[in-house]
Amino acid sequence: MILRLVLMMFFLSTPCWASDNSDDLFNYSKKQDEALVVKVVASDLIVLEDGRRVRLIGVESAGVVPHQYAKYDDKGHVIEEPVEPTISLQEQALTYAQELLENKRVKLEYDVDATDASGYLYAYVYLPDGRMANAELLRLGFVKLRIIPPNVKYEDKLSLAYQEAKREKRGLEGE
């Protein structure tokens, strides 16, 4: 009986360790990956060609682009207000992140916790030229520094990028 159970477990597990495609079965068990970014949803969230959603480790978006609501007079007519030609920091951050990441083949490096309960992946994202996108967004002040243990592998590098933005009063640190 025990022998049958052991043999059955052996044969059921064989494809996992004997196959050349074992990484496909346990895609997130490896520490690095490469993929094409098809969309930047927020300055800290990207979507890959296979549909996976990846949050950048160590950073937090400045928020969503603010929506302008129409104002109405007492008769229900839209009050036309002069539009200021300014672009919000959130719009600037999103635009920069899109230019930096969209349609680029990037390298993803995972830390201790690669996923969370909501299904997001967490990664350090490297551009084709070798720069870390997480640090670049921090350096320009487009995102906030947010280190959450146990994902602290590049805490020092990200902190330095944040300190540079703060020192130079860039982006969020210049407001």
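Residues numbered from 1 in each chain as written. Predicted model: local features only at pLDDT ≥ 70, side-chain atom pairs only at ≥ 80, totals over all residues. Heavy atoms only, no water.

## A look at the confidence of the model for the chain
This is how the line gets drawn: pLDDT expresses how confident the predictor is about each individual residue, on a scale running from 0 to 100. Note on contacts: a residue pair qualifies if any of its non-hydrogen atoms lie within 4.5 Å across the two residues.
Looking at the chain as a whole, its pLDDT mean stands at 83, while 77% of the residues score no less than 70. Taken together, the stretch residues 14-28 has pLDDT below 50 and engages in 13 contacts with residues farther than four places along the chain or on a different chain.

## A few points about the nonpolar core
Heads up, the condition is: Think of a nonpolar core as a cluster: buried Ala, Val, Leu, Ile, Met, Phe, Trp, Tyr and Cys residues, connected wherever their side-chain atoms sit within 4.5 Å. Exposure is judged per residue with a 1.4 Å probe applied to protein chains only, and the accessible area is read against the type maximum: over 50% gives exposed, under 20% gives buried, and values in between give partly exposed. Labels follow the DSSP assignment, with helices taken as runs of H or I lasting at least four residues and strands as runs of E lasting at least two, numbered in each case from the N terminus.
Ranked by internal contacts, the top residues of the largest apolar core, which has 37 residues, are Ile46, Leu101, Leu108, Val125 and Leu137. Looking at this core, the elements with two or more residues in it are β1 (32-42), β2 (45-48), β3 (53-56), α3 (89-101), β7 (105-109), β8 (121-126), α4 (133-139) and α5 (155-168). Ranked by the residues each element gives to this core, the list is headed by α3, at 6 residues. Setting aside chain neighbours within four positions, we find leucine 101 in contact with Val37, Val40, Ile46, Val106, Val125, Leu127 and Ala133.

## What about the side chain of serine 43?
The following threshold applies: Two N or O atoms count as a polar contact when they lie within 3.5 Å, although within protein this holds only if one can serve as hydrogen donor and the other as acceptor, and sequence-adjacent residues are included solely when both atoms are side-chain atoms.
Mapping serine 43 onto the fold places it in the loop between β1 and β2. Engagement of the side chain of serine 43 in a polar contact is seen with the side chain of serine 61, the distance being 3.4 Å. Once residues lying within four places of it in the same chain are set aside, the contact partners of serine 43 are Leu56, Ser61, Ala62, Ala93, Leu94, Ala97, Leu137, Phe142 and Val143.

## Quick look at the sheet that holds β2
Our working definition: Pairing between two strands is assigned when DSSP locates at least 2 bridges connecting them. Orientation is described by axes fitted as lines to C-alpha atoms, over the contacting stretch for helices, and by angles from 0 to 180 degrees between their N-to-C directions.
Reading around the circumference, β1-β2-β3-β8-β7 is the order of the 5 strands in this closed barrel, with mixed pairing throughout. Between one strand and the next, the sheet's axes are offset by a mean angle of 55°, whatever the strand orientation. Where β1 and β7 come together, 5 bridges link them in antiparallel fashion. Residue leucine 36 lies in a different strand from β7, and its bridge partner there is arginine 105. Packed onto the sheet, α3 meets β1, β2, β7 and β8 and runs at close to 150° relative to β1.

## Looking at α5
Filter applied, for reference: What a helix should span is 1.5 Å times the count of its residues minus one. What the arc describes is the spread of directions from the helix axis to the C-beta atoms.
Here α5 contains 14 residues, and its C-alpha end-to-end distance of 20 Å stays within 8% of the 20 Å for a straight helix at 1.5 Å per residue. When α5 is considered as a whole, its buried residues turn out to be Leu158, Ala161, Tyr162 and Ala165. Each buried residue of α5 lies within a common arc of 95° when the element is viewed along its axis, so the set occupies one face. Across from the buried face of α5, at angles greater than 90 degrees, the exposed residues are Asp156, Leu160 and Arg167. Looking one or two residues past α5, lysine 169 carries a phi angle of roughly 55°, positive in sign.

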